[in-house]
Structure formats: structure tokens, C-alpha cells
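Below, each chain spelled out in residue letters.
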Amino acid sequence: MSVALGYIFLSVAFLIIVSMVMMLARLIGGPTLYDRLLAVNSFGTKTVLFLCVFCFIIDRPDGVDIALLYALMNFIATIAVLKFFNYKALNVGLLARPD
């Protein structure tokens, strides 16, 4: 990896960390539950991006698989939390209607 590309990756990683700090501020100061959930989901997405950039900084692109696994877990957790707050239980079928 060239020196210029290394500096670009480091600056991108720094900007991702700054945006993650902003998402944490939104998580703490979010007025509603859905704002906080959106902040957590965005934080998870930024974490996946940071993991990908970090793997390329240390010249180990096989770590992208771990980042993709984390993205899948983030998506499933978001759907589970939304389902829980909609139905107040997780054992509701997919075709059930809210009361």
C-alpha cells in the first residue's frame, strides 16, 4: 500500500470515528425510542465501515468477513427490537396484526 493511500485510509477511519461519536450523542439525547434505535443502528453500520477500513489499513482484507457478520447481526437485532416494541413479545407470528 502506498503512503498516500495509507493517509487516505487513516483520514477516512478518523472521520468514521467522529461520526460514531455523533451517533453516540444522538443515542443519549434522542427524544424518542425510535430516534435512539436509529442511532444504535447507524452506530452499528459505522462500526462495520470502520472494521472494513481498519482491515485494509492493517493489510488484512479477510477481516471484511467479520464485518459482514456483524452487519447481519446488527440487522437481525434491529428487527427483533422493533418487533418487541411493536408487539411487546417476540413469540408473535409474522402475519399477526397489532392490537
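Above this text you will find the structure in question.
I will try to describe carefully the structure that is included in this document. (Residues numbered from 1 in each chain as written. Predicted model: local features only at pLDDT ≥ 70, side-chain atom pairs only at ≥ 80, totals over all residues. Heavy atoms only, no water.)

### Quick look at the overall build of the chain
Filter applied, for reference: Helix numbering and strand numbering both begin at the N terminus, where a helix is a DSSP run of H or I of at least 4 residues and a strand a DSSP run of E of at least 2. Classification of residues uses two cut-offs on accessible area relative to the type maximum, computed with a 1.4 Å probe and protein chains only: under 20% is buried, over 50% is exposed, and between them is partly exposed. The contact criterion used throughout is that any non-hydrogen atoms of two residues lie within 4.5 Å. Throughout, the Shrake-Rupley method with a 1.4 Å probe supplies accessible areas, and for residues the shown protein chains are the sole cover considered.
Counting its secondary structure elements, the chain contains three helices and zero strands. Listed N to C, the secondary structure of the chain is α-α-α in terms of helices and strands. A burial count over the chain gives 17% of its 99 residues as buried. The long-range fraction of contacts in the chain, counting pairs at least 24 apart against all pairs at least 6 apart in sequence, stands at 47%. Surface summary for the chain: the accessible area is close to 7,300 Å², and the carbon and sulfur share equals 74%.

### A few points about helix H3 (residues 64-87)
Operational definition: A helix is expected to span 1.5 Å multiplied by its residue count minus one.
Across its 24 residues, H3 extends 35 Å between first and last C-alpha, which sits within 8% of the 34 Å expected from 1.5 Å per residue. Among the residues making up H3, those that are buried are Ala67, Asn74 and Thr78. Along its buried surface, H3 packs onto helix H2 (33-57). At the exit of H3 stands Lys88, carrying a positive phi of roughly 65°.

### Things to note about unusual backbone geometry
We note that Asp59 has phi near 60°; this positive angle belongs to a residue other than glycine. Tracing the backbone shows Asp59 in the loop between H2 and H3.

### Digging into a nonpolar patch on the surface
For clarity, the threshold we go by: Note that patches include only residues with greater than 30% relative accessible area and no salt bridge, and the join distances are 9 Å for like charges and 5 Å for nonpolar side chains (Val, Leu, Ile, Met, Phe, Trp, Tyr). Salt-bridge detection follows one rule: a side-chain nitrogen of Lys or Arg within 4 Å of a carboxyl oxygen of Asp or Glu.
A surface patch of nonpolar side chains, about 700 Å² in accessible area, is lined by Leu69, Tyr70, Leu72, Met73, Phe75, Ile76 and Ile79. Judged by its relative accessible area of 53%, Phe75 falls in the exposed class.

### Quick look at the packing of H2 against H3
A packed helix pair is summarised by two numbers, namely the angle formed by the two axes and the spacing between the axes. To keep things clear, this is the line we draw: Convention adopted: a line fitted to C-alpha atoms gives each axis, helices being fitted over their contacting stretch, and angles between N-to-C directions are expressed from 0 to 180 degrees. Should an angle fall under 35 degrees it is taken as roughly parallel, and over 145 as roughly antiparallel, whereas 65 to 115 is taken as roughly perpendicular and any remaining angle as oblique. All residues other than Ala, Val, Leu, Ile, Met, Phe, Trp, Tyr, Cys, Pro, Asp, Glu, Lys and Arg, Gly among them, are scored as polar; the first ten of these are nonpolar and the last four charged.
One can describe the packing of H2 onto H3 by two numbers: an axis separation of 9 Å at closest approach and a directional angle of 175°. Classified by the angle between their axes, H2 and H3 sit roughly antiparallel to one another. Along the lines of polarity and charge, the residues of the contact of H2 with H3 split into 16 nonpolar, six polar and no charged.

### Focus on H2
Taking 1.5 Å per residue, 25 residues should reach 36 Å; H2 reaches 36 Å between its end C-alpha atoms and fits that length. Of the surrounding secondary structure, the elements contacted by the buried residues of H2 are helix H1 (3-29) and H3.

### So, the environment of Phe75
Relative to the assigned elements, Phe75 resides in helix H3. Measuring from C-alpha to C-alpha, the distance between Phe75 and Gly44 comes to 8.8 Å, with 31 residues separating the pair along the chain.

### Quick notes on the packing of aromatic side chains
Put simply, the test is: Within 6.5 Å between ring centres, the rings of Phe, Tyr and Trp (the latter by its six-membered ring) count as paired, and their orientation is classed by plane angle as stacked under 30 degrees, edge-to-face over 60, tilted in between.
For the structure shown, the criterion picks out three aromatic pairs. The interplanar angle of 20° and the centroid separation of 6.1 Å between the aromatic rings of Phe50 and Phe54 together place this pair among those described as stacked. With Phe50 and Phe54 both in helix H2, this residue pair falls four residues apart, about one helical turn. With a centroid separation of 5.6 Å and 70° between ring planes, the pair formed by Phe84 and Phe85 is classed as edge-to-face.

### With respect to the side chain of Ser19
Rules: Identification of polar contacts relies on pairs of N or O atoms within 3.5 Å, with a donor-acceptor requirement for protein atoms, meaning one able to donate a hydrogen and the other able to accept it, and with residues adjacent in sequence counted only if both atoms are side-chain atoms.
Relative to the helices and strands, Ser19 resides in helix H1. Within the local environment of Ser19, its side chain forms a polar contact with the backbone oxygen of Ile16, the two atoms lying 2.7 Å apart.

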